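Structural overview
Here's the letter readout for the chains.
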Amino acid sequence: MKSDHSHHEPASPGIQGMALFEDCIHPNASLSSGRLIADGQDLDLARSVVSDIFVKHRIKSDRATSLRPINVSCRRLSAVSLCYFDYGCSLEIEPDLFEDFYLMMIPLEGGSHARCGSHTYQGARGTSMILPAEQETSILWSDTTRKLVVQIDRRKLTAKLEGFLGESLPRSPRFSIEAQEVLFPSSPLRQALQGMLSIACTPQLPGKNLMMPAFEDAFFASVLHLHQSDMSNAIKDGAVSAACPRAVRRAERYIESHLAEPICIEDLAQAAGVSARSLFDAFKRFRQVSPMRYVRFQRLLHVQKVLRSADPAIPIAEIAAEWGFGHPGRFASEYTRHFGETPSQTRRKL
């Protein structure tokens, strides 16, 4: 299904106050300690530099050089990268698959067009569009296009969603590619972006190391709640299924109250009042994991909470062992896979 906001741009609520983005992102504001491409009109050079930031890609253009100097700058944060793009001419970009990240495109001037399969999706100034992580997409630029592009760590966004739902997910959310009008002045997504941009454009800002994680966390939460995805209903309900059977809820309550104790599938089945097989099938259907995997993830969440508040002098291995993770190497690997950072990185945020 095509989405075309370009004919309704004057009525778009997201356009109001777009100058607030312009204050942070404009040709004279660099997002990094040194702009990646300060001047120059060589499109092949731009392609080479941008490939190092994102993925390898091809550029199709009827020109070898741009109409005006190319301006690209980028600032890497912890879970996102903020990038400003002005190629100075019309072109089409064909990137390799985004295996590890999503791309959010926010037009500051001109449109934000993307071709996916047989459909072309269009977004106007004041909207944002998230390109799929594992689907072939072409990005279309006009002569006037200038964009804020946000590279989003797919694993960390998924870990944020798992933490909200309280369970492990079999895969990352799949966002609708259609442009969303989610950048209205009071939008929490807009406010989180502005906070990150202000810090990125002011490297010497006092307290930035304390503020940035909070802005990134608010950004992730806003993306998940405001951008449509195949997980939107689960996010709205706070669970993977609103029709979750009573047996699963009974087992979850038992897990919550006995998390620090040994738990086996027989304990859960007895608490739920069903057979172990029935409980396993229900968890796989409504939680996408087995009951014992659910227990393990709940314990990982608890370890994460402890690491954020416990005395730094307490060894991480000791905390992990207390919650049933006796093998430090396997624990660290599993923790990193779920949360997108190592246990020691979580602790360093204190």
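The preceding data block contains the structure.
Everything numeric in this text was worked out from a predicted model, so none of it was measured.

Parameters at a glance
- Residues numbered from 1 in each chain as written.
- Predicted model: local features only at pLDDT ≥ 70, side-chain atom pairs only at ≥ 80, totals over all residues.
- Heavy atoms only, no water.
- Phe/Tyr/Trp six-rings, centres within 6.5 Å; stacked < 30°, edge-to-face > 60°.
- Buried < 20%, exposed > 50% of the residue type's maximum accessible area, 1.4 Å probe, protein only.
- Lys NZ or Arg CZ within 6 Å of the ring centre and 35° of its normal.
- Core = buried A, V, L, I, M, F, W, Y, C linked by side-chain atoms within 4.5 Å.
- Helix = DSSP H or I, 4+ residues; strand = E, 2+ residues; numbered from the N terminus.
- Contact = heavy atoms within 4.5 Å.
- Pairing = 2+ DSSP bridges.
- Axes fitted to C-alpha atoms, helices over the stretch in contact; angles between N-to-C directions.
- Polar contact = N/O pair within 3.5 Å; in protein donor to acceptor, adjacent residues only side chain to side chain.
- Patch = residues over 30% accessible without salt bridge, like charges linked within 9 Å, V, L, I, M, F, W, Y side chains within 5 Å.
- Areas by Shrake-Rupley, 256 points an atom, 1.4 Å probe, with all protein chains shown as cover.
- Salt bridge = Lys/Arg side-chain N within 4 Å of Asp/Glu carboxyl O.
- Lys, Arg positive; Asp, Glu negative; His and termini not counted.
- Charge placed at Lys NZ, Arg CZ, Asp CG, Glu CD.
- Parallel < 35°, antiparallel > 145°, perpendicular 65-115°, else oblique.
- Nonpolar A, V, L, I, M, F, W, Y, C, P; charged D, E, K, R; others polar.

**Focus on the packing of aromatic side chains**
Here a ring pair, both rings aromatic, is described through the centre-centre distance and the interplanar angle of the planes. Throughout the structure, instances matching the rule amount to 11 aromatic pairs. When the ring of Phe219 is compared with that of Phe220, the centres are 6.2 Å apart and the planes differ by 40°; the resulting orientation is tilted. The same class applies to Phe219 and to Phe220, which are both buried. Ring pairs connect the aromatic residues Phe54, Phe85, Tyr87, Phe98, Phe101 and Trp141, which therefore count as one cluster. One residue, Lys147, lies across the ring of Trp141, its end atom 4.2 Å from the ring centre.

**A short note on the nonpolar core**
The biggest cluster of nonpolar side chains holds 33 residues, and the ones touching the most others in it are Met104, Val150, Leu193 and Phe219. When residues of this core are traced back to their parent elements, those giving at least two are β3 (80-86), β5 (101-109), β10 (146-153), α3 (154-165), α4 (188-200) and α5 (208-226). With sequence-adjacent residues up to four places away left out, Met104 is seen in contact with Ser128, Met129, Ile130, Leu148, Val149, Val150, Ile152, Leu189, Phe219, Val223 and His227. Ranked by size, the runner-up nonpolar core spans 29 residues in total, among them Val55, Tyr87, Leu103 and Tyr121.

**What about the sheet that holds β10?**
With antiparallel pairing, five strands are arranged side by side in an open sheet as β2-β3-β10-β5-β8. With partners counted over all chains shown, the strands left at the sheet margins are β2 (71-76) and β8 (129-131), one partner each. Each strand axis lies, on average, 20° off the axis of its neighbour in the sheet, ignoring direction. Bridge count between β5 and β10: eight bridges; the pairing is antiparallel. Residue pairing in the sheet places Leu103 in a bridge with Gln151 of β10. Contacting β5 and β10, α3 crosses the sheet at an angle of about 65° to β10. The strands touched by α4 within the sheet are β2, β3, β5 and β10, with β3 carrying the most contacts at an inclination of about 80°.

**Digging into the environment of Ala271**
Mapped onto the fold, Ala271 is located in helix α8 (residues 265-272). With a relative accessible area of 32%, Ala271 lands in the partly exposed category. Sequence spacing of Ala271 and Ala251 is 20 residues, and the spatial spacing of their C-alpha atoms is 6.0 Å. Apart from the residues lying within four places of it in its own chain, the contact partners of Ala271 are Arg250 and Tyr254.

**Some points on the pairing of strand β6 (residues 112-116)**
Alternating residues of β6 divide into Ser112, Ala114 and Cys116, all buried, and His113 and Arg115, none buried. Where β6 and strand β7 (residues 119-123) come together, five bridges link them in antiparallel fashion. For Ser112, the partnering residue across the bridge sits in β7 and is Gly123. In this antiparallel pair of consecutive strands, β6 and β7, the connection spans two residues, and Gly117 shows a positive phi of 65°. Sheet analysis places β6 next to strand β9 (residues 138-141), joined by three bridges and oriented antiparallel. Each bridged residue has a counterpart across the sheet, and for His113 the counterpart in β9 is Leu140.

**Remarks on the sheet that holds β6**
Strands sit in the order β1-β4-β9-β6-β7 across an open sheet of five strands; the sheet is antiparallel. For this open sheet the edge positions go to β1 (57-60) and β7, each flanked by a neighbour on one side alone. When the angles between neighbouring strand axes are averaged without regard to direction, this sheet yields 20°. As judged from the three bridges shared by strand β4 (residues 91-95) and β9, these two strands associate in the antiparallel manner. Looking at β9, one finds that Ile93 is bridged to Ile139.

**What to know about the environment of Ala214**
Within the fold, Ala214 resides in helix α5. Ala214 sits in the partly exposed class, given a relative accessible area of 49%. C-alpha separation for the pair Ala214 and Met196, spaced 18 residues apart in sequence, amounts to 9.4 Å.

**Describing the side chain of Asp86**
Along the chain, Asp86 turns up in strand β3. Among the polar contacts listed, one links the side chain of Asp86 to the backbone nitrogen of Gly88, at a separation of 3.1 Å. Filtering out sequence-adjacent residues up to four positions away, Asp86 remains in contact with Arg68, Pro69, Ile70, Asn71, Thr145 and Arg146.

**Focus: helix α2 (residues 43-53)**
Those residues of α2 not exposed but buried are Leu43, Ala46, Val49, Val50, Ser51 and Ile53. Here the buried face of α2 lies against β1, β2, β3, β4 and β10.

**Some thoughts on a positive patch on the surface**
Together, Arg246, Arg249, Arg250 and Arg253 line one region of the surface with positive charge. For Arg253, the location among the structural elements is in helix α7 (residues 246-257).

**Some points on the packing of α7 against helix α9 (residues 276-286)**
One way to put it is that α7 packs onto α9 with a least axis distance of 9 Å and a crossing angle of 95°. Taken together, the axes of α7 and α9 are roughly perpendicular relative to one another. Note on element contacts: α9 touches α7 through Leu279, Ala282 and Phe283, opposite Ala247, Val248, Ala251 and Glu252. When grouped by side-chain class, the residues that make up the contact of α7 with α9 number six nonpolar, no polar and one charged.

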